[in-house]
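# Architecture at a glance
Next come the chains, spelled out residue by residue.
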Amino acid sequence: MKYRCKVCGQIIDIEEGDSCPICGASPDRLEPLEEKDDKEEKK
Ligand SMILES: [Zn+2]
């Protein structure tokens, strides 16, 4: 799964729950990258 790291700004491809392999940021600082249409927004 792809994430964008909010700390170092890199696009990374890791498993959910992993930390950033570039800078070691914790998973809660990673933003999932979704290339789908976001028609359904979570409330
Ligand atoms: Zn990072």
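Now for a quick tour of the structure. (Residues numbered from 1 in each chain as written. Predicted model: local features only at pLDDT ≥ 70, side-chain atom pairs only at ≥ 80, totals over all residues.)

## Things to note about the pairing of strand β1 (residues 2-5)
Put simply, side chains in a regular strand alternate between the two faces of the sheet. Residues Y3 and C5 point to one face of β1 and are all buried, whereas K2 and R4, pointing to the other face, are not buried. The pairing of β1 with strand β2 (residues 11-13) spans three bridges and is classified as antiparallel. Bridge assignment links Y3 to a residue of β2, and that residue is I12. Between β1 and β2, which pair antiparallel and follow one another directly, the connecting turn spans five residues, one of which, G9, has a positive phi of 80°. As judged from the three bridges shared by β1 and strand β3 (residues 30-32), these two strands associate in the antiparallel manner. What sits directly across from R4, in β3, is E31. (Buried ≥ 20, exposed ≤ 12 C-beta atoms within 10 Å, placed from the backbone. Helix = DSSP H or I, 4+ residues; strand = E, 2+ residues; numbered from the N terminus. Pairing = 2+ DSSP bridges.)

## A short note on the environment of R4
Examined against the element boundaries, R4 turns out to sit in strand β1. The spacing of R4 and L30 is 26 residues in sequence and 5.7 Å in space, taken between C-alpha atoms. Once residues lying within four places of it in the same chain are set aside, the contact partners of R4 are I11, E31 and L33. (Contact = placed C-beta atoms within 7 Å.)

Purely geometric numbers; function is a separate question.
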